[in-house]
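Structural overview
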Amino acid sequence: MNVLNLIRWKNLFMIALVQFLIKYALLEPFGVQVSLDALGITLLVIATVCIAAAGNIINDINDVETDFINKPHKIVIGKSISEKTAYNLFILFNLLGVGVGFYLSHRINRAPFFSIFVIISILLYIYSTYLKSIILIGNIVISALVALSIIIVGVFELLPSISPNNQQTQLIFFKVILDYSLFAFAINLLREIVKDIEDIDGDYKAGLNTLPIAIGRERAKYILSVLSFIPLAAIIHYIISDLYKQPLAVSYFLIFIVGPLVYIIIKTFGATTKKDMHHISIMYKFVMLFGMLSLLLYKFVILK
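A brief structural summary. (Residues numbered from 1 in each chain as written. Predicted model: local features only at pLDDT ≥ 70, side-chain atom pairs only at ≥ 80, totals over all residues. Heavy atoms only, no water.)

Attention now moves to empty space enclosed by the protein. Throughout the structure, instances matching the rule amount to 1 cavity of 30 Å³ or more. Around the largest cavity, the lining residues are Arg 217, Glu 218, Lys 221, Ala 271, Thr 272, Thr 273 and Met 277. Looking at the lining of the largest cavity element by element, the count peaks at 3 residues for helix α11 (residues 217-227). Among the residues making up the lining of the largest cavity, the classes are represented as 2 nonpolar, 2 polar and 3 charged. (1 Å grid on protein atoms, 1.4 Å probe; cavity = no way out; pocket = protein on both sides within 12 Å on 5 of 7 lines; lining within 4 Å. Points joined across faces, edges and corners; volume = space filled by probe spheres on them. Helix = DSSP H or I, 4+ residues; strand = E, 2+ residues; numbered from the N terminus. Nonpolar A, V, L, I, M, F, W, Y, C, P; charged D, E, K, R; others polar.)

See the structure below:
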């Protein structure tokens, strides 16, 4: 259980869930030409999850000092797992993830795709050791990597199968995947800012230069509130332009995404404590989850 907490198994489960949903809820029901069979998508999930697990481990190793202040009750390294063991697990998960990625890339005759796994692994290491201490840069990079965990399914599933006959269809579904990745990027970026506000005390003592440290907690909270309107406006536009004839989809988005986003914006304006910010962070995670689960609606909406 300590290892599961170290690799943040709930976050890894969400990554795996989204990747399987893209294949089996979005691509397969419409007969889209894909490149991965059941084993192939499983290998992609394993590679992605292992590299993400390694990133979580190295992040926790480098965050021990700040976590003693910000999250003393959640510390694993130095208590139940030694730092040496954590480093060994970091190397093991990286080697496994990159190795599976190497095999999968050659299995679909797209050897250059292997570089994606190497780049993700390197960026996660650089993020945890350097970029996260730079105002907004670290937030943007980690959010982009979250988005990439979605895009990579389209890269492996759709790009190798493109032909003159199906090019238009492949691009349409790749755009849908890209839209979901942009949603994930936006929500994760907002959540990263929330976490920075929540962890401002420990980050300040550790010498990090996060947004709330640079401009103050209240100004950062104001910027967060303003930025929250962007995904809200985008979702409302999507409902009006694409889903207005589908009451099931409209109801889902209003109840599980628009409603919570409005609640988050209101709650952010009134947030004054660390507990308030933690609650907002959890709410963003729920918005992300239900946003990804909306993939299950496609076969009912589009095939109707």
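This brings us to unusual backbone geometry. Despite not being glycine, Arg 8 shows a phi value in the positive range, around 55°. Relative to the elements of secondary structure, Arg 8 occurs in the loop between α1 (2-6) and α2 (9-27). According to the relative accessible area criterion, Arg 8 is partly exposed, its value standing at 27%. The backbone of Asn 109 sits at a positive phi, close to 60°, despite the residue not being glycine. Its location among the elements puts Asn 109 in the loop between α5 (83-107) and α6 (114-129). Taking the relative accessible area as the measure of exposure, Asn 109 reaches 62% and is therefore exposed. (Buried < 20%, exposed > 50% of the residue type's maximum accessible area, 1.4 Å probe, protein only.)

On to the layout of surface pockets, then. The volume enclosed by the second largest pocket comes to roughly 870 Å³. Every residue lining the second largest pocket is counted, 33 residues in all, and those nearest its centre are Asp 179, Tyr 180, Ala 234, Ile 235 and Tyr 238. If you list the elements that add at least two residues to the lining of the second largest pocket, you get α8 (167-198), α12 (229-243), α13 (247-270) and α15 (298-301). Partitioning the lining of the second largest pocket into residue classes produces 24 nonpolar, 5 polar and 4 charged.

Their axes nearest at 11 Å, the elements helix α3 (residues 38-62) and helix α7 (residues 137-157) cross at an angle of 145°. By crossing handedness, the relation of α3 to α7 is classed as right-handed. Contacts between α3 and α7 involve Ile 41, Leu 44 and Thr 48 from the first element and Ser 149, Ile 152, Val 153, Phe 156 and Glu 157 from the second. The class makeup of the residues in the contact of α3 with α7 is 5 nonpolar, 2 polar and 1 charged. (Axes fitted to C-alpha atoms, helices over the stretch in contact; angles between N-to-C directions. Left-handed = near helix turned anticlockwise from the far one by under 90°. Contact = heavy atoms within 4.5 Å.)

With that settled, the discussion passes to α13. Between its terminal C-alpha atoms α13 stretches 33 Å, which fits the 34 Å expected from 24 residues at 1.5 Å a residue. At Leu 254, α13 shows its strongest bend, of approximately 40°. Of all the residues in α13, the buried ones are Ala 249, Val 250, Tyr 252, Phe 253, Ile 257, Val 258, Pro 260, Leu 261, Ile 264, Ile 265 and Thr 268. (Expected span 1.5 Å × (residues − 1). Bend = angle between axes of the 7 residues up to and from the residue.)

As a further point, take the environment of Ile 75. Along the chain, Ile 75 turns up in the loop between α4 (64-70) and α5. Counting along the chain gives 128 residues from Ile 75 to Asp 203, while the straight-line C-alpha distance between them is 15 Å.

Taken N-terminus to C-terminus, the directions of α7 and α8 make an angle of 155°; their axes are 8 Å apart at the nearest point. By the criterion of interaxial angle, the relationship of α7 to α8 is roughly antiparallel. Both α7 and α8 take part in a crossing whose hand is right-handed. On α8, the residues touching Asn 139, Ile 140, Ile 142, Ser 143, Ala 144, Val 146, Ala 147, Ile 150, Ile 151, Gly 154 and Val 155 of α7 are Phe 174, Ile 177, Leu 178, Tyr 180, Ser 181, Ala 184, Phe 185, Asn 188, Leu 189, Glu 192 and Asp 196. The class makeup of the residues in the contact of α7 with α8 is 15 nonpolar, 5 polar and 2 charged. (Parallel < 35°, antiparallel > 145°, perpendicular 65-115°, else oblique.)

Ranked by internal contacts, the top residues of the largest apolar core, which has 75 residues, are Ile 22, Leu 26, Leu 44, Phe 156 and Tyr 284. Here this core takes 12 residues from α8, the largest share from any one element. Apart from residues no more than four positions distant in its own chain, Leu 44 is found in contact with Gln 19, Leu 36, Leu 104, Phe 117, Ile 152, Val 153 and Phe 156. (Core = buried A, V, L, I, M, F, W, Y, C linked by side-chain atoms within 4.5 Å.)

To continue, consider α7. Because each turn of an α-helix spans 3.6 residues, side chains separated by three or four positions in sequence point in the same direction. For α7, with 21 residues, the first-to-last C-alpha span of 30 Å sits near the 30 Å given by 1.5 Å per residue. Approximately 35° is the largest bend angle found in α7, and it occurs at Ile 150.

Here Thr 48 shows up in helix α3. Residue classification places Thr 48 among the buried positions, given a relative accessible area of 11%.

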